[in-house]
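For reference, the chains in residue letters:
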Amino acid sequence: PEATTPTPMSTVSQYACQRRTTTQNNNKIFTDAFEVLAESHEFNDMEGPCLAFRRAASVLKSLPWTVQNLRVTEDLPCLGEHSMCVIEVRPIVLCLQRANTGGRLLSARRTHPIFTLPLIHSDSPLPRSFLHYGDISRAVSKAEAQALGNIIDEAVHAITPDAILTLTGGFRRGKDFGHDVDFIVTTPQLGKEERLLTSVIDRLKHQGILLYCEYQASTFDESKLPSHRFEAMDHFAKCFLILRLEDSQVDGGLQTAEEDRRGWRAVRVDLVSPPVDRYAFTLLGWSGSRQFERDLRRFARMERRMLLDNHALYDKTKKEFLAATTEKDIFAHLGLEYIEPWQRNA
Ligand code: TTP
Ligand code: MN
Ligand code: MN
Ligand code: MN
């Protein structure tokens, strides 16, 4: 029977930045299957099919209704033209339905920290970050993220009282769990931000809560903008941290019995420190999701002849940079309706 659907499918944009995607995924069983396919193609270096499956998953995540039969998706962007997807996805969906917990296992695999840990040389000893492997492979809860926010807030403002600190990444998008906690720190005074970051690291070290730190100094060079590399990481000062979080600091306590006995757990934290005049671009770039970011850049390039990255927005027609102090400014330059952070879970 042809069920009536509340959202006319012809109105769904092919770009994630023109869709509103909350954390409520009504099609998890299908999106997990598409993400398995995306991963296996990524693993085999097949970038084209990998992106196609990620886009398909992202479109399904934005639907306010549950797909009953993949055939109804023929009119949706990024799905219709790939009838092969349906054929490949069906056995995986059946498999997930049978193993009911499959969905949870698969999403845990997707955000597994092994992919974010620094690469090791085969002849070097295991890096210290591996000592905390067990802890950091467990998701961080909202309460734990909040407790970390308090620690970072105290450190940042003890050093620079008028510093700007913002929660970004998945927790800014309203997720209940994440693989890490991401923050942007900067100073109203241009150029002071890099010293702030190294001072924060020093302070955490003296407090005895810094378990691991990998610091990357800024390589940002305004004269080298715009960068033409798609998906290029930014050049701002940043650090990959593992911090010690005490049970007593977390509302409702830590999550596992073992951590509870120990009284603390290790948590992954990312800090990035752009100059204040790049703050809006960094905030937009670090708020994610990765698919939302990809599509923002693709939309800018394909539909507006503009280049967007974490540093700047460049108009290729006018041959000029477009300044922004807020995310809304950037959406406006792109001629896009503003999408709230919690609607960017594409
Ligand atoms: P992540 O922390 O990897 O992802 P997330 O916060 O969306 O999800 P999770 O809950 O699993 O942590 O990255 C956050 C965003 O930051 C992502 O959109 C990519 C962006 N990013 C950069 O732009 N440059 C960088 O160097 C890094 C590390 C991330
Ligand atoms: Mn992640
Ligand atoms: Mn994150
Ligand atoms: Mn991160």
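For every chain, the first residue of the written sequence is number 1, and numbering continues from 1 onward in sequence order. By the order in which they are written, chains take letters starting at A while ligands take numbers starting at 1. Two thresholds apply to this predicted model, a pLDDT of at least 70 for residue-level local features and 80 or more for giving and counting side-chain atom pairs, whereas whole-chain, interface and lining totals are computed over all residues.

K.L.:
Describe in detail the overall build of the protein chain, supporting the description with residues and values.
P.N.:
Secondary structure counts use DSSP, requiring at least four H or I residues in a row for a helix and at least two E residues in a row for a strand, with both numbered from the N terminus. In terms of helices and strands, the protein chain carries 12 helices and 10 strands. Split into buried and exposed, the 346 residues of the protein chain put 37% on the buried side. Put simply, 70% of the contacts in the protein chain that link residues at least 6 apart link residues at least 24 apart. Working definition of burial: number of other C-beta atoms within 10 Å of the residue's own, with buried at 20 or more, exposed at 12 or fewer, and partly exposed in between, all C-beta atoms being placed from the backbone. Placing a C-beta atom from the backbone of each residue, one calls two residues in contact when those atoms lie within 7 Å.

K.L.:
Break down the nonpolar core for me, with residues and values.
P.N.:
Counting residues in hydrophobic clusters, the biggest one holds 54 residues, and the most contacted among them are Leu148, Val181, Val185, Val200, Leu243, Val267 and Leu271. Excluding residues within four positions of it along the chain, Leu243 makes contact with Leu148, Leu204, Ile209, Leu210, Leu211, Val267 and Val269. Throughout this description, the term nonpolar core refers to a group of buried Ala, Val, Leu, Ile, Met, Phe, Trp, Tyr and Cys residues whose C-beta atoms join them within 7 Å. Ranked by size, the runner-up nonpolar core spans 18 residues in total, among them Phe30, Ala38, Ala52 and Leu60.

K.L.:
For the site of ligand 1, give the residues involved together with the corresponding values.
P.N.:
Placing the C-beta atom from the backbone, one calls a residue near a molecule or strand if that atom lies within 6 Å of it. As a matter of local geometry, ligand 1 sits amid 18 residues, with Gly169, Gly170, Gly178, His179 and Gly288 nearest to it. Secondary structure elements with two or more residues in the shell around ligand 1: helix 7 (169-172), helix 10 (279-287) and helix 11 (290-304). A per-class count over the shell around ligand 1 returns two nonpolar, nine polar and seven charged. In this structure, the shell around ligand 1 is formed jointly by two domains, domain 2 (128-280) and domain 3 (283-343), each of which donates at least three residues. Residue polarity follows a fixed list, in which Ala, Val, Leu, Ile, Met, Phe, Trp, Tyr, Cys and Pro are nonpolar, Asp, Glu, Lys and Arg are charged, and the others, Gly among them, are polar. Domain ranges listed in this record stem from an automatic or a database domain assignment.

K.L.:
Describe the packing of helix 1 (residues 28-43) against helix 2 (residues 47-61), listing the residues and the values that go with them.
P.N.:
Simply put, an axis is a line fit to the C-alpha atoms, just over the touching stretch for a helix, and the angle between two N-to-C directions goes from 0 to 180 degrees. For the pair helix 1 and helix 2, the least separation of the axes is 8 Å and the interaxial angle reads 165°. In terms of orientation, helix 1 lies roughly antiparallel with respect to helix 2. The way helix 1 lies across helix 2 gives a crossing that is left-handed. Across the interface between the two elements, Phe30, Thr31, Phe34, Glu35, Leu37, Ala38, His41 and Glu42 from helix 1 touch Pro49, Cys50, Phe53, Arg54, Ala56, Ala57, Leu60 and Lys61 from helix 2. For the contact of helix 1 with helix 2, the residue count by class is 10 nonpolar, two polar and four charged. Comment on the angle field: the value is read as roughly parallel under 35 degrees, roughly antiparallel over 145, roughly perpendicular from 65 to 115, and oblique elsewhere. For a crossing to be left-handed, the near helix must be turned anticlockwise from the far one by less than a right angle; the clockwise case is right-handed.

K.L.:
Describe the sheet that holds strand 9 (residues 313-315), and please don't skip the residues or the numbers.
P.N.:
A sheet is described by the order of its strands in space; here three strands give the open sequence 8-9-10, paired in antiparallel fashion. Edge positions in the sheet fall to strand 8 (306-308) and strand 10 (320-321), since each of these pairs with one other strand and no more. Strand pairing follows a simple DSSP-based rule, namely that at least 2 bridges must link the two strands. Of the strand pairs in this sheet, strand 9 and strand 10 are connected by two bridges, and their pairing is antiparallel. Its bridge partner being in strand 10, Asp315 is matched across the sheet by Glu320.

K.L.:
Now, about the sheet that holds strand 6 (residues 237-246): what can you tell me, with residues and values included?
P.N.:
Read across the sheet, five strands follow the order 2-4-7-6-5 without closing on themselves; strand pairing throughout is mixed. Unpaired on one side and paired on the other, strand 2 (164-168) and strand 5 (210-216) mark the two borders of the sheet. Neighbour-to-neighbour, the strand axes of the sheet open up by a mean angle of 25°, direction not taken into account. Looking at chain direction, strand 2 and strand 4 (residues 181-186) are connected through five bridges and run antiparallel.

K.L.:
Now, about the environment of Gln216: what can you tell me, with residues and values included?
P.N.:
Considering the arrangement of structural elements, one finds Gln216 in strand 5. If we skip the residues at most four places from it in the chain, Gln216 touches Ala237, Lys238 and Cys239.

K.L.:
For the environment of Gln146, give the residues involved together with the corresponding values.
P.N.:
Within the fold, Gln146 resides in helix 6 (residues 142-159). Separated by 25 residues in sequence, Gln146 and Phe171 have C-alpha atoms that sit 9.5 Å apart.

K.L.:
Which residues make up the domain arrangement of the protein chain, and what values go with them?
P.N.:
Here the protein chain is described as being made up of domain 1 (9-110), domain 2 (128-280) and domain 3 (283-343). Of the residues lining the interface, 20 residues belong to domain 2; the matching set on domain 3 comes to 22 residues. When contributions to the side of domain 2 that touches domain 3 are tallied by element, the ones reaching two or more residues are strand 2, helix 7, strand 4 and helix 10. A per-element tally of the side of domain 2 that touches domain 3 places helix 7 first, with three residues.

K.L.:
Report on the environment of Asn26, specifying residues and quantitative values.
P.N.:
Tracing the chain through its elements places Asn26 in the segment before helix 1. Sequence-wise, Asn26 and Ala56 are 30 residues apart; in three dimensions their C-alpha atoms are separated by 14 Å. For Asn26, the residues in contact, after removing those within four places along its chain, are Leu63, Pro64, Trp65 and Thr66.

K.L.:
Report on the pairing of strand 4, specifying residues and quantitative values.
P.N.:
Taken across its six residues, strand 4 has six buried, putting it largely inside the fold. Relative to strand 7 (residues 264-273), strand 4 is paired through four bridges, and the arrangement is parallel. Looking at strand 7, one finds that Phe183 is bridged to Leu271.

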